[in-house]
Amino acid sequence: MATQDLGQSLRRLRRLASLTQEELAERSGVSVDVIRQLEQRRKHSARLPTLHALANGLGVELTTLLGDPPAVTAGESDGPRFVAVRRAVMPVLGAPAPEPPGPGFSMDRLRERIADGWTQYHAAGFDTVMEALPELISDARTAAAAPDDGRAAGYASLAKALQLAGHVAVRMGKTDLALTALERATEAAGQAADPLLPAMIVNSVAWTYQRQGRLQDALHVALQAAATVQDGGHTGTADGLKVWGALTMSAATSAARSGDYDRAAGLMEGAEAQAGRVAKLPKGSDSRMVSVFSPSSVRIERVRLAVQYGRPEEALNLAKGMRLSKDTPPSWRTWLLLDVARAHTDLGDAAGAVKTLESLRRVAPTWLQHHTLAVAIVRDLWALPHHPPGLRSLAEFLGVGD
């Protein structure tokens, strides 16, 4: 159930924001009585517009309030595999330094395994990624102990492996562990030869700050890193422009969640104006290892911001007729469909929402089944007096309804 821990989550996020129930009521426009009932678990769910308003009042994503989709099999959030990831990110104190790689070691193979890990992550294959991470990080530490001529490449691999661990930790709700992984990734990136790598990791740090409600910190680090990339002359390359663009979009998201939608819109317009240049520049490195930025990703993010901040008509206009580039990760495609379904729901178009969710079910059934926001949308639709065709099947698939 998408909102089974809604009251506990609401109370925790409100306290993190240093808000009283009355102050949250004023910020969100939701009555203090409803907030009180939810936190005391006298009321266990709320309509989607109420949830939107509470998330906006708290300055967080709606999924942060509802709870992220499970990143791994239920019950394993602190199980043996996750303990192994913790140990890989934070080796035991006093452990011996890694030995240099042996004669059979292949740096190319290590890079390919890390790139595959990022592909699995974007496809929501969190179980697979978490199982592979400890060995990936261990092998990357070994690579970083290579002789001088290969050490920089080893540190670059270690940085990307630790960055991946940070992303998985965020999906598990372990943002403090994520920041630890990302701090260590930043240290490794400083020993690599890639000047874009530290900025890519900053983008992950900004995302983690957003998940913690540290919106001004997220905005600051993203803008600072974007300026560093631009001032360093790196936006003349495809990889550099992608990194700059991803940081700019991240800054826009933080601005929007802080209530400055105009600034967010300006940043997104600037990003969209530059996104078309990516395809015209010489092809960069493996796209699986570089920040996501293209005309498609900018438009998807604009749809997301529009629907999150009460502009469903604008969201649907942006999404209409959109063609996604081949390099758009599956996770971005699924988010687009979910946001379109949210926009239809906000406009009272139940049939449009169901049609979109049916499309999402066809392309990503497991992702849909576990996503808390999808469940919340279907629950909202199920509460309507008239059910459009297809809703019962979706409700049964998600365990919502009678």
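The present account deals with the structure reproduced in this document. (Residues numbered from 1 in each chain as written. Predicted model: local features only at pLDDT ≥ 70, side-chain atom pairs only at ≥ 80, totals over all residues. Heavy atoms only, no water.)

Considering the packing of aromatic side chains
Convention followed: Between 30 and 60 degrees the pair is tilted, below 30 it is stacked and above 60 it is edge-to-face, where a pair is any two Phe, Tyr or Trp rings, Trp via its six-membered ring, whose centres lie within 6.5 Å. Strands are runs of DSSP state E lasting at least 2 residues, helices are runs of H or I lasting at least 4, and numbering of each runs from the N terminus. Each residue is assigned to one of three classes by its accessible area relative to the maximum for its type, calculated with a 1.4 Å probe on protein chains only: buried under 20%, partly exposed between the two thresholds, exposed over 50%. Two limits define a charge over a ring: the Lys NZ or Arg CZ must be within 6 Å of the ring centre, and within 35 degrees of the ring normal.
Summed over all chains, the structure comprises 3 aromatic pairs. Consider the rings of tryptophan 118 and tyrosine 121, whose centres lie 5.9 Å apart with planes at 75 degrees: the pair is edge-to-face. Placement of both tryptophan 118 and tyrosine 121 in helix 7 (residues 107-122) is noted, with a separation of 3 residues, approximately one turn of the helix. This pair shows no difference in class: tryptophan 118 is buried, exactly as tyrosine 121 is. Residues tyrosine 121 and phenylalanine 126 carry aromatic rings whose centres are separated by 5.5 Å and whose planes lie at 70 degrees to one another, so their mutual orientation is edge-to-face. Residue tyrosine 121 is classed as buried on the basis of its relative accessible area of 6%. Within the aromatic cluster, the residues linked to one another by ring pairs are Trp118, Tyr121 and Phe126. One Lys or Arg, arginine 361, reaches over the ring of phenylalanine 397 and ends 4.1 Å from the middle of that ring.

Brief notes about the pattern of salt bridges
Two side chains of opposite charge can pair, provided their charged atoms sit close to one another. We apply this condition: We count a salt bridge whenever a side-chain nitrogen from Lys or Arg sits within 4 Å of a carboxyl oxygen from Asp or Glu.
Tallying each qualifying case throughout the model produces 13 salt bridges. Here aspartate 139 and arginine 113 are joined by a salt bridge, their closest N and O atoms 3.0 Å apart. Remark: arginine 113 occurs in helix 7 and aspartate 139 occurs in helix 8 (residues 126-144); sequence separation between them is 26 residues. What makes arginine 113 partly exposed here is its relative accessible area of 21%. One salt bridge in this structure joins glutamate 272 and arginine 302, with 2.4 Å as the shortest N-O distance.

Re the environment of threonine 235
Rule in force here: Working rule for contacts: check all heavy atoms of both residues, and any pair within 4.5 Å makes them a contact.
Inspection of the secondary structure assignment puts threonine 235 in the loop between helix 12 (215-231) and helix 13 (238-257). By relative accessible area, which is 15% here, threonine 235 ends up buried. It is 25 Å that separates the C-alpha atoms of threonine 235 and leucine 158, two residues lying 77 residues apart in sequence. Residue contacts for threonine 235: discarding those within four places in its chain leaves Val229, Gln230, Gly240, Leu241, Trp244, Arg277 and Leu281.

Examining the side chain of serine 254
Summarising the element assignment, serine 254 is placed in helix 13. Those residues within four positions of serine 254 in sequence are excluded, and the remaining contacts are Gln210, Leu215, Ala218 and Leu219.

As for the nonpolar core
The criterion, for reference: Only buried residues count toward a nonpolar core. Its members are Ala, Val, Leu, Ile, Met, Phe, Trp, Tyr and Cys residues joined through side-chain atoms within 4.5 Å.
Ile137 and Phe293 are the most contacted members of the largest nonpolar core, which totals 91 residues. Here the element with the most residues in this core is helix 13; it accounts for 10 residues. Look past the residues within four positions of isoleucine 137 in its chain and what remains in contact with it is Ala88, Val89, Leu158, Ala161, Leu162 and Ala165. The next biggest cluster of nonpolar side chains, apart from the first, holds 44 residues, and it includes Ala46, Val354, Ala364 and Leu391.

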